[in-house]
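For reference, the chains in residue letters:
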Amino acid sequence: MKIVKVKSSLGGLGKSNSEDAPDLVVNQLRNYTQNFEVDEIKIIKENLDETNKNISEKEGDIFIGGDHSITYSCFKNFCKKHKNPGLLVFDAHADCMDNFKITHEDWLNVLVEEKLVKPENVILVGLRKIEKQEFEYLNKKKIKFFGMDKLFGNIEDICDTIMEDLRSCDGLYISVDIDVVDPAFAPGTGYPEPGGLSSQEILYFTRRLKLLKNLKRVDLVEINPKKDISEMTVKLGARIICEFLK
Ligand SMILES: [Mn+2]
C-alpha cells in the first residue's frame, strides 16, 4: 500500500494549519505497522493551482493531508481509472459553500458541478454544522447525508445502508475529515464542532467499510497539530489509517 503525504494548507483559508500532520501521522503509524511505503506531493509554495496539478497526477492508496481541498485533486486523479466512482465523506461540515472555489469549504460542490462525481454517488456522514446555502445545495442535488442527529443510536444500521448504497460504484473513495470526530477525542483540528463521533465509532466505520471490495482510495485531512493535545488527534489519525491498511 502506498501512502502519499500532502503537506499543504493552501486551500485552508488560513485556518487549517495541517501541513505538518502527514509527517506526524506517518511517524506515529510506524508504531502500529510497517506495512506501507511513503511518497510525497511536491508542494509549490503559495501556488494552489500548481500544487493541485501535482496532486491530481499522483497515484496512491492513502493520502494524508493537508486541508480538505486536497480531496478535489485526489478525486480528480481517481476518476481517470474509475468511470462511475463513489465518494463517502466523513465530516462535521458539508464543504459546499457557494463560492465554487477549490478551498476546504467548497471542494465538494466543485466536484459535483464539474460532473466528476454523480450526486447520487455521494454520501456525507457526521454533519452537524451546515450553512443554509449548503443545506439547500445538498437538497437540490439530492445528495444523501447522515447528520449526527440521525447517527445517534443507529450507527450499525446506517453503516449497513451506506455499504449497500455504495457497493455497486466502480471504485469507492472515502474521505475522512478528522473533525467528524468529537473534539473530546480529536481536539487538533481547525474548526472543532461538539457532538461528533467517538474514536470507537469512527474506527467501527473504518473496520466495516474496508471490507467493501470496491474501496480503492482513502484520504485523511484537517489534522492541526498546533491545536492537538498530547498527540491524541495524530494518534487517532494513525489508528484510522492503520485500520484501512490491515
Ligand atoms: Mn471538510
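As the structure is a prediction and not an experimental result, all values here were calculated from the model. The residue numbers shown here count from 1 along each chain, following its written sequence. Whole-chain, interface and lining totals are the exception, using all residues; otherwise, since this is a predicted model, local features are given only for residues with pLDDT of at least 70 and side-chain atom pairs are given and counted only at 80 or more. Side-chain descriptors were evaluated using all non-hydrogen atoms of the structure, hydrogens and water having been removed beforehand.

### Quick notes on helix α2 (residues 48–56)
Note on classification: 1.4 Å probe, protein chains only; a residue is buried when its accessible area is under 20% of the maximum for its type, exposed when over 50%, partly exposed between these limits. Strands here are runs of E lasting at least two residues and helices are runs of H or I lasting at least four, both read from the DSSP assignment and numbered beginning at the N terminus. Within α2 the residues assigned to the buried category are Thr51, Asn52, Ile55 and Ser56. Here the buried residues of α2 occupy an arc of 135 degrees about the axis, which is enough to place them on one side. Polar contact criterion, stated in full: a pair of N or O atoms within 3.5 Å, where within protein one must be able to donate a hydrogen and the other to accept it, and residues adjacent in sequence count only if both atoms are side-chain atoms. Sitting at the amino-terminal end of α2 is Asn47, which places a side-chain oxygen 3.3 Å from the backbone nitrogen of Asp49. Starting at the helix axis, one direction is taken to each C-beta atom, and the arc is that of these directions.

### Comments concerning the packing of helix α7 (residues 155–166) against helix α8 (residues 199–209)
The axes used here are C-alpha line fits, helices contributing only the stretch in contact, and every angle between their N-to-C directions lies in the interval 0 to 180 degrees. Relative orientation of the contacting elements α7 and α8 amounts to 35 degrees, with a least axis distance of 11 Å. Remark: the crossing between α7 and α8 carries right-handed chirality. For the pair formed by α7 and α8, the contact residues are Ile155, Glu156, Cys159, Asp160, Ile162 and Met163 on the first element and Glu201, Tyr204, Phe205, Arg208 and Leu209 on the second. Side-chain classes are defined by residue name, with Ala, Val, Leu, Ile, Met, Phe, Trp, Tyr, Cys and Pro counting as nonpolar, Asp, Glu, Lys and Arg as charged, and the others, Gly among them, as polar. When grouped by side-chain class, the residues that make up the contact of α7 with α8 number seven nonpolar, no polar and four charged. Should the near helix be turned counterclockwise from the far one by less than a right angle, the crossing is left-handed, whereas a clockwise turn marks it as right-handed. The criterion used for residue contact is that any of the two residues' heavy atoms lie within 4.5 Å.

### Digging into the coordination of the manganese ion
Of the protein atoms, only His68 (ND1), Asp91 (OD), Asp95 (OD) and Asp177 (OD) coordinate the manganese ion, at distances of 2.1 to 2.3 Å. All donor residues of the manganese ion come from one chain, and their arrangement in sequence is H-x22-D-x3-D-x81-D. With His68 in the loop between β3 (62–65) and α3 (70–81) and Asp91 in the loop between β4 (86–90) and α4 (107–113), this residue pair connects regions lying 23 residues apart in the sequence. The residues His68 and Asp91 share a single accessibility class, namely buried. Because water is not among the atoms used, a metal site may look incomplete, as its donors are only the N, O and S atoms within 2.8 Å, or 3.2 Å for Na, K and Ca.

### A word on the sheet that holds β4
Taken in spatial order, the eight strands of this open sheet run β2-β1-β3-β8-β7-β4-β5-β6, and their pairing is parallel. Only two strands of the sheet have a single partner each, and these edge strands are β2 (37–40) and β6 (144–147). Going from strand to strand, the sheet's axes swing by 15 degrees on average, the running direction of each strand aside. Packing against the sheet, α8 makes contact with β4, β5 (122–127), β7 (172–177) and β8 (215–221), and its axis sits at approximately 160 degrees to β4. DSSP calls a pair of strands paired once it identifies at least 2 bridges connecting them.

### Here we look at α8
Among all positions of α8, only Ser199, Ile202, Leu203, Phe205, Thr206 and Leu209 are buried. The buried residues of α8 occupy an angular sector of 155 degrees when the element is viewed end-on, so they sit on one face.

### Here's the deal with the nonpolar core
Counting residues in each nonpolar core, the largest one holds 47 residues, and the members touching the most others are Leu88, Phe90, Ile162, Ile174, Ile202 and Phe205. Counting residues per element, this core draws most heavily on helix α9 (residues 232–245), at eight residues. Once you skip the residues sitting within four places of it in the chain, Ile174 turns out to touch Leu88, Phe90, Leu209, Leu215, Arg217, Val218, Asp219 and Phe244. Side-chain atoms within 4.5 Å are what join buried Ala, Val, Leu, Ile, Met, Phe, Trp, Tyr and Cys residues into a set we call a nonpolar core. Grouped together as the second largest cluster of nonpolar side chains are 29 residues, Val4, Phe78, Cys79 and Val122 included.

### Some points on the packing of aromatic side chains
By convention, a stacked pair of Phe, Tyr or Trp rings (six-membered ring in the case of Trp) has centres within 6.5 Å and planes under 30 degrees apart, an edge-to-face pair has planes over 60 apart, and any other such pair is tilted. Taken as a whole and judged by the stated rule, the model has seven aromatic pairs. A centroid spacing of 5.4 Å and a plane angle of 85 degrees characterise the contact between Phe78 and Tyr173, whose relative ring orientation is edge-to-face. With Phe78 in helix α3 and Tyr173 in strand β7, this pair connects stretches of sequence that are 95 residues apart. Both residues of the pair, Phe78 and Tyr173, belong to the buried class. On the basis of an interplanar angle of 75 degrees and a centroid distance of 6.1 Å, the ring pair of Phe135 and Phe145 is categorised as edge-to-face. Taken as a pair, Phe135 in helix α5 (residues 132–140) and Phe145 in strand β6 lie far apart in primary sequence, 10 residues in all. Taking relative accessible area as the criterion, Phe135 reaches 41% and is therefore assigned partly exposed. In this structure, Arg239 is placed above the aromatic ring of Tyr32, and the distance from its NZ or CZ to the ring centre is 4.1 Å. A ring is scored as having a charge over it whenever the NZ atom of a lysine or the CZ atom of an arginine sits within 6 Å of its centre and within 35 degrees of its normal.

### Let's talk about unusual backbone geometry
Gly65 connects to Gly66 through a cis peptide bond whose omega is 20 degrees. You will see that Glu46, though not glycine, has its phi angle at about 55 degrees, which is positive. Its location among the elements puts Glu46 in the loop between β2 and α2. For Glu46, a relative accessible area of 72% translates into the label exposed. Unusually for a residue other than glycine, Glu231 sits at a positive phi of about 60 degrees.

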